[in-house]
Amino acid sequence: MNKIQILSQEVINKIAAGEVIERPSSIVKELIENSIDAQATNIEIIFEQSGKNLIEVIDNGTGMSKQDLSLSIKRHATSKINDFNDLFNLSTFGFRGEALPSICSVSKLTIITKQPEDIHGWELYSEGGEIIYIKESGAKNGTSVIVKDIFYNTPARKKFLKSDYTERSHIIRVIEELSISNYKIGFTVKSDNKIVLNSSPANKIDERIIDILGQHMYDDLTYFESDYDFLKTKGFLSKIGVSYPNNNIQYLFVNKRPVSNRMLIQIVYDIYRDSLEINRHPAFIIMLDINPAILDVNVHPTKRLVKFSQEKEITELLKHSLRNCITKQSIPVFKLEQAHYINEKNTREYTPDMFQTSKNKSYQISSAGLVEALKKISQDSKKEFNLENVQVIGQLYNTYILCQTSTGLLIIDQHAANERILYEKFLAKRNNLNQQRLLFTQIIQLTPHESTVLKNFLDILNELGFEIREFGINTFAIYSYPEILGEIGNINDFIKNFINILTEDTSQKPVLEKHETIIKSACRAAVKAHDKISNEEMISLIQELNNCSQPLCCPHGRPTMVYITIDEIAKKFKRQ
Ligand code: ADP
Ligand code: MG
C-alpha cells in the first residue's frame, strides 16, 4: 500500500509560516524590517491586545506597484536579491521573500500601498493566504500593513501564545532593538490607543538611547568605538561599578540586525569578570559592522542567528575593543567633574554615519588584513588613572582611608583595596608561588557540606600553593599556604571563611574559571577589615593600588574608592 502523498500548498504554507512567525512580535519585526528596507523615514506601529487581534505598521517608504503588491504575498517573492551570491553583499534586512506570505497564511491581512510616482494606490485583502480582493485606493505615499486575528486558522499555534503581558514585552523588545539600530528613522508606537514610544528621527544614536532607556541609564553607559577595517565596533558598555539584576539591557547588532550570539555575549561577561558582583549583569549595546562577505545571515529563517567565517579573529578584535573601553573608564569614576567632560567629548567626536548601510562602503578584506589588524593591537593599553598626588588625611573606623586630592576628597575602602592588590599580585605570580609552611600541621574538622566544597577544589588549591590533604571523614590536614597571602593568624578560621566565600561565588557563576574563583576567595579571606594601619602603610597601599590594572573595584566587584569633589562639599555648606 502506498503511504506517501504530497502535502497541499495550504499545509505547506502553514508549516513554513511556523518557522518565521512564531508569535505576534515576529510579525512586528518582519513588518518593521520591510518598512526600513523600503527606505521609510517614519514608521508607526499600532497594536491591540498584545498584537493577538491587531498589528498595524504604517510607513512612508517607497510603496509598491499593483503587480508588486500581488506578488509580495507569494512565497519566495522578493525584490531584494536576484541570485545566491547577493546574500554576501546584502544591505537589506529581508531577502527570503517569506515574511508576507507567512503572515498572510495565518491571519487576515490588508496591505494598502502607494508609490510616490503613482496617482493612486492599491489595497489588497487576504484571508488565510487567499487573496479576496485587490482594488484601487486613495492611499497616501508609503505602505500600511494591517494584520488581524493572528493564528485564527491555526488554533494549535494560538494555544502556544503566552499571556498578553509576555507577548507585549516581546513586541516592545523587537521595537526597542530595531529602533536603536535604526535611530535615524522616527518611530511612533501605540498600544491599545496609548502612546508607548514617540521618538523622532535622531542624528546621533545617543538621542535614541535616551528615548528608549532614559537619561539615567544613558548616564551610566560609556561609549566605545574602534575601526579594524573589515570590522567596525561601536556602542556602549555600563560603567565599572554599575550593574543590573537581569540581562534586559543587552543589545547586540550585526550590520544593524539584532542578533543573539552566546559567544559574543560571553566575551562581554569575560571582560567584566573581575568587576561584576555575583548575580549581577552588565548593560551593553554593541554594534558590529562586518563586511557582508564574511558574514552568513542565512542560518535561521528568523535571521536572528549569524555566522562569521573568521570567528576567531572577530572575537579577538571585539575583546580588544571592549577591554580598551573598560580600561579607559578609570578617569571618569575617579574625577567626577572631568568624567563629565570626557563623556561629552566622546559623544561629540562620534560620527553617526559610521554605520550607514554597507552599500557604499569599500572594504579591504584578505586574510592578511585580518592578521595585520590583530598585530596592531597592543595589549598594553595605557592606564590614565593616577593616584600619585593624593595626600593621606587619616583613617576612619579603621576601615576607610581618607585622602585629599587637588579637587576633592577620596575615600578608599582599605579592605576592598587590599583585596584588589593581593588578587592582582596572586594572579601575576600564580605559576611561581612560594609556600609558607606551618610550624605545626593544623587539623581542621569541617561540616559535610564544607568538606564537599573543599574536596571539590582540593586539586586546584594544591596547585596554587596550598598543601591540604584529606585526613579522615570531613577532616583535613593543612601543611602550608601560599606565602603571598601574608601572615594568616588562624588558619582554621581562614579555611572556613574561604569556603564560605567560595560557595557564595561559585553557586552563581559556574562558568567562572575555577582557579580565578579560588584566588579571589582566598584573597578576600586573607584580607581582614578593621585593621588599624600606619600612615606609611596607607601610603604604600595607595601606591600599590595605583599600580593595579583595575584599581576601581575589588575582584568581587565592590568599589575600592568613592570620590566627592570639593565643589559638592562646598555646595552642602551653602558656600556656592
Ligand atoms: P523579503 O523582505 O524577504 O523580500 P517579504 O515577504 O517580507 O520578503 O516582502 C516581499 C516583498 O514585498 C519585498 O521584497 C518588497 O519588495 C515588498 N514589500 C514588503 N513590505 C513592503 C513595504 N513596507 N514597502 C514596500 N515594499 C514592501
Ligand atoms: Mg521582509
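Before reading further, recall that the structure is shown in the block above.
Here we summarise the structure given alongside this text. (Residues numbered from 1 in each chain as written. Chains lettered and ligands numbered in written order. Predicted model: local features only at pLDDT ≥ 70, side-chain atom pairs only at ≥ 80, totals over all residues. Heavy atoms only, no water.)

### Remarks on the overall build of the protein
- Assigned secondary structure in the protein consists of 19 helices and 22 strands.
- Across the 576 residues in the protein, those meeting the buried criterion constitute 52%.
- Taking the intrachain contacts of the protein between residues at least 6 apart in sequence as the baseline, contacts between residues at least 24 apart amount to 70%.
- Carbon and sulfur atoms make up 50% of the accessible area of the protein, which totals about 28,700 Å². (Helix = DSSP H or I, 4+ residues; strand = E, 2+ residues; numbered from the N terminus. Buried < 20%, exposed > 50% of the residue type's maximum accessible area, 1.4 Å probe, protein only. Contact = heavy atoms within 4.5 Å. Areas by Shrake-Rupley, 256 points an atom, 1.4 Å probe, with all protein chains shown as cover.)

### Remarks on the packing of aromatic side chains
- Taken as a whole and judged by the stated rule, the model has seven aromatic pairs.
- Through a chain of ring-to-ring contacts, the aromatic side chains of Tyr-218, Tyr-223 and Phe-236 assemble into a single cluster.
- Over the face of the ring belonging to Tyr-152 we find Lys-108, whose NZ or CZ atom lies 4.8 Å from the ring centre. (Phe/Tyr/Trp six-rings, centres within 6.5 Å; stacked < 30°, edge-to-face > 60°. Lys NZ or Arg CZ within 6 Å of the ring centre and 35° of its normal.)

### A word on the pattern of salt bridges
- Counted according to the given criterion, the structure contains 23 salt bridges.
- Between Lys-319 and Glu-316 there is a salt bridge, with the nearest N and O atoms lying 3.5 Å from each other. Here Lys-319 pairs with Glu-316, and both are found in helix α10 (residues 311-327), just three residues apart, close to one helical turn. (Salt bridge = Lys/Arg side-chain N within 4 Å of Asp/Glu carboxyl O.)

### Digging into the site of ligand 1
- As a matter of local geometry, ligand 1 sits amid 19 residues, with Asn-34, Thr-78, Ser-79, Lys-80 and Gly-97 nearest to it.
- At a separation of 3.3 Å, a nitrogen atom of ligand 1 approaches a polar side-chain atom of Thr-143.
- For ligand 1, whose unbound accessible area comes to 530 Å², protein coverage reaches 93%.
- Looking at the shell around ligand 1, the element that brings in the most residues is helix α4 (residues 99-105), giving three residues.
- Looking at side-chain class alone, the shell around ligand 1 contains seven nonpolar, eight polar and four charged residues. (Near = heavy atom within 4 Å. Polar contact = N/O pair within 3.5 Å; in protein donor to acceptor, adjacent residues only side chain to side chain. Nonpolar A, V, L, I, M, F, W, Y, C, P; charged D, E, K, R; others polar.)

### What about helix α14 (residues 414-429)?
- Counted at 1.5 Å a residue, the expected span for α14 with its 16 residues is 22 Å, and the 22 Å between its end C-alpha atoms agrees.
- Its side-chain oxygen placed 3.0 Å from the backbone nitrogen of His-415, Asp-413 serves as the N-cap of α14. (Expected span 1.5 Å × (residues − 1).)

### With respect to helix α1 (residues 9-20)
- Here α1 spans 17 Å end to end across 12 residues, near enough to the 16 Å set by a 1.5 Å rise per residue.
- Buried within α1 we find Asn-13, Ala-16, Ala-17 and Val-20. For α1, the angular spread of the buried residues around the axis is 110°, confining them to a single face.
- For α1, the elements touching its buried residues are α2 (24-37), α4 and α5 (155-159). (Arc of directions from axis to C-beta.)

### Some points on the pairing of strand β7 (residues 186-191)
- β7 sits mainly inside the fold: five of its six residues count as buried.
- Here strand β1 (residues 42-48) pairs with β7 via six bridges, running parallel. Bridging across to β7, Phe-47 finds its partner in Ser-191. (Pairing = 2+ DSSP bridges.)

### Overview of the side chain of Glu-516
- By the secondary structure assignment, Glu-516 is in helix α17 (residues 514-526).
- Here Arg-273 takes part through its side chain, which lies 2.7 Å from a polar atom of the side chain of Glu-516.
- Apart from residues lying up to four places away in sequence, Glu-516 is in contact with Arg-273, Asp-274, Tyr-423, Leu-427 and Arg-430.

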